[in-house]
Amino acid sequence: MLFRSKQQQQPQPLAAPDGTAKIQAVHALWHCPMHPQIVRDHPGNCPICGMQLVPFQPDATSTTPDSATANHASHDIQVDPSVVQKIGVRTDIVQAGTLGPMLRVDAEGVLDEAAEFSVTVRTMGYLETVASARTGDRVRKGQILATFYSPELVAAQGEWLESRSGGDSVATRAGRERLRSYGLPDALLDKLAAGGKVVRSLPIAAPVSGWISKRQADQGQSTMAGQELFRIVQGTGVLLDALVPQSRLPGLSTGSAAQISGSDLSAPVKAIVRSILPVVGTGDRTATVRLEVRGTNPLRVGGLYQAVLHPKAETGLVVPDEAVLHTGKRDIVFLALGAGKFRPQVVKTGPTEGGNTMVREGLEAGDEIVVSAQFLLDGESRLQAVLDQMNAGAAQ
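Not measured: the values here are computed from a predicted model.

**Digging into helix H3 (residues 151-165)**
The end-to-end C-alpha distance of H3 is 21 Å, a good match for the 21 Å that 15 residues give at a rise of 1.5 Å each. Those residues of H3 lying buried are Leu153, Ala156, Gln157, Trp160, Leu161 and Ser163. Viewed along the axis of H3, the buried residues span an arc of 160°, placing them on a single side of the element. Looking at H3, the residues exposed on the side facing more than 90 degrees away from the buried face are Glu162 and Ser165. Downstream of H3 by one or two residues, glycine 167 has phi in the positive range, about 80°.

This is how it looks when you write it as structure tokens:
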């Protein structure tokens with residue numbers, strides 16, 4: 001036998017009250033250690049792998065392999081490390097993840113209107129200089145886009161500085177508020193106060209970092225109050241519009257997880273459902289689900305992408321499908337304890353998707369589990385559980 005139990009014990013006949021051997025009253029069974037579902041009432045070879053069947057003797061309270069499996073969940077088994085390597089035992093670490101029904105839809109990058117900032121002037125004047133930034137160029141917050149001359153601003157600065165030098169606190173406060181109403185930031189006003197001189201040309205800076213979606217500024221042009229010079233989109237300013245069939249909307253909600261892939265993306269990016277538009281198309285009966293990328297956003301306006309949505313997704317511990325043994329009564333996962341020691345653990349499973357299974361009970365994040373050759377371990381564990389039951393009965 002390839003495996004040895006943590007405690008090697010030889011089965012003893014179970015004595016009946018009349019002194020006869022109790023084990024003789026039970027029909028002997030043979031099973032395959034690698035394929036426990038193969039059970040015969042006579043010796044022979046496994047029809048699947050050809051391995052010689054191994055005998056075990058269920059007692060009167062456990063007459064099937066499944067019942068033995070149901071009672072062996074706390075029984076550790078020991079396997080020689082060299083044998084572990086030979087039979088190809090592989091392990092994996094239990095990690096948190098999200099599983100649920102998967103929905104694949106096409107999505108298009110659209111401009112996020114809420115990310116747009118308009119750069120305007122608040123009084124009449126003239127643009128003395130304009131930066132070379134063009135539509136589509138990226139700018140950083142505070143970058144100078146143009147310089148602006150306004151006779152009205154020059155006069156307002158002079159009055160404010162004069163009230164400061166004259167010690168008129170009321171006029172000084174009023175003059176500062178007037179300049180702030182023209183859009184001059186406090187940092188610039190402090191600089192003017194420290195210098196004590198009127199500045200003829202005032203800078204117009206980018207209010208946010210992003211890219212220019214519109215430029216309407218030329219050197220030397222005159223401007224009116226409220227005139228827009230630039231429009232800047234903060235960050236990338238890209239959302240995704242995905243068309244989802246009306247029948248698949250149940251289960252989707254704000255905050256539902258999504259994954260985005262595309263030909264211009266080096267790796268999939270994570271997103272969430274930001275909103276579901278309350279309109280269904282009369283032709284194709286689809287609704288627009290708006291997605292927002294979390295973290296660095298590499299998407300482009302007008303780009304075509306594929307979105308994977310997870311309606312009614314469940315978050316928890318995720319293991320590979322092959323790690324779970326389905327006995328018919330319970331689901332078993334083998335914990336790898338190190339140094340060739342393994343422990344069968346009863347688990348409660350949840351949804352299965354994409355080769356992974358959700359485990360709701362029985363495991364913890366970081367546990368090391370077996371993902372291959374579990375049938376060999378399961379066969380040894382079943383056999384040892386039966387032997388322990390027989391020995392316990394013999395000792396009574």
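**So, the pattern of salt bridges**
Under the counting rule described, the total for this entry stands at 11 salt bridges. Across the salt bridge formed by glutamate 159 and arginine 178, the nearest N and O atoms sit 2.8 Å from each other. Of the two residues, glutamate 159 is situated in helix H3 and arginine 178 in helix H4 (residues 169-181); the sequence distance between them amounts to 19 residues. For arginine 178, a relative accessible area of 32% gives the class partly exposed.

**Notes on the sheet that holds strand S20 (residues 286-293)**
Within the closed barrel, the 6 strands sit side by side as S8-S17-S20-S19-S18-S21. Their pairing is antiparallel. Going from strand to strand, the sheet's axes swing by 40° on average, the running direction of each strand aside. The sheet contact formed by strand S8 (residues 103-111) and strand S17 (residues 238-245) spans 5 bridges and is antiparallel. When the bridges of S17 are listed, valine 110 appears paired with leucine 239.

**Regarding the packing of H3 against helix H5 (residues 186-195)**
H5 packs onto H3 with a crossing angle of 60° between their chain directions and a minimal axis gap of 10 Å. Between H3 and H5, the crossing angle belongs to the class labelled oblique. Helix-helix and strand crossings are classified by hand; for H3 and H5 the assignment is right-handed. Residues Gln157, Trp160, Leu161 and Arg164 of H3 pack against Leu189, Leu192 and Ala193 of H5. Grouping the amino acids of the contact of H3 with H5 by side-chain chemistry returns 5 nonpolar, 1 polar and 1 charged.

**Here we look at the pairing of strand S16 (residues 228-234)**
Of all the 7 residues making up S16, 5 are buried; the element is thus mostly covered by neighbouring parts of the structure. Inspection of the sheet shows strand S9 (residues 116-120) paired to S16 by 5 bridges, in the antiparallel sense. Residue serine 118 lies in a different strand from S16, and its bridge partner there is arginine 231. As judged from the 5 bridges shared by strand S14 (residues 210-215) and S16, these two strands associate in the antiparallel manner. Paired with arginine 215 across the two strands is phenylalanine 230, which belongs to S16.

**Structural notes on H5**
Within H5 the residues assigned to the buried category are Leu188, Leu189, Leu192 and Ala193. Relative to the axis of H5, the buried residues are bounded by an arc of 140° and lie together on one face. Structural note: H5 exposes Ala187, Lys191, Ala194 and Gly195 on the side pointing more than 90 degrees away from its buried face. Where the residues of H5 are buried, they touch H3, H4 and strand S13 (201-205).

**Description of the packing of aromatic side chains**
On inspection of all chains with the given rule, the structure shows 0 aromatic pairs. We note arginine 200 situated over the ring of tyrosine 149; from NZ or CZ to the ring centre the distance is 4.1 Å.

**Brief notes about the nonpolar core**
Leu127, Leu179, Leu184, Ile204, Phe230 and Ile232 are the most contacted members of the largest nonpolar core, which totals 29 residues. At the level of elements, strand S10 (125-130), strand S12 (144-149), H3, H5, S13 and S16 are the ones that each hand at least two residues to this core. Leucine 127 has contacts with Ala146, Thr147, Phe148, Ile204, Ala217, Asp218, Gln219, Gly220, Gln221, Thr223 and Leu229, leaving out every residue within four places of it along the chain. Core analysis: the second largest hydrophobic core is formed by 23 residues, Leu252, Ala271, Val289 and Leu299 among them.

**Things to note about the sheet that holds strand S11 (residues 138-139)**
Spatial strand order, S9-S16-S14-S11: 4 strands in an open sheet with antiparallel pairing. Of all strands in the sheet, those bounded by a partner on one side alone are S9 and S11.

**Examining the confidence of the model for the protein**
For the protein, per-residue confidence averages 81 on the pLDDT scale, and 81% of positions sit at 70 or higher. Within the model, the stretch residues 1-27 combines pLDDT values under 50 with 52 contacts to residues more than four positions away or in other chains. For residues 57-72, every residue scores under 50 in pLDDT, and the model assigns this stretch 39 contacts once sequence neighbours within four places are set aside.

The rules behind each value
Residues numbered from 1 in each chain as written. Predicted model: local features only at pLDDT ≥ 70, side-chain atom pairs only at ≥ 80, totals over all residues. Heavy atoms only, no water. Helix = DSSP H or I, 4+ residues; strand = E, 2+ residues; numbered from the N terminus. Expected span 1.5 Å × (residues − 1). Buried < 20%, exposed > 50% of the residue type's maximum accessible area, 1.4 Å probe, protein only. Arc of directions from axis to C-beta. Salt bridge = Lys/Arg side-chain N within 4 Å of Asp/Glu carboxyl O. Pairing = 2+ DSSP bridges. Axes fitted to C-alpha atoms, helices over the stretch in contact; angles between N-to-C directions. Parallel < 35°, antiparallel > 145°, perpendicular 65-115°, else oblique. Left-handed = near helix turned anticlockwise from the far one by under 90°. Contact = heavy atoms within 4.5 Å. Nonpolar A, V, L, I, M, F, W, Y, C, P; charged D, E, K, R; others polar. Phe/Tyr/Trp six-rings, centres within 6.5 Å; stacked < 30°, edge-to-face > 60°. Lys NZ or Arg CZ within 6 Å of the ring centre and 35° of its normal. Core = buried A, V, L, I, M, F, W, Y, C linked by side-chain atoms within 4.5 Å. pLDDT = per-residue confidence, 0-100.

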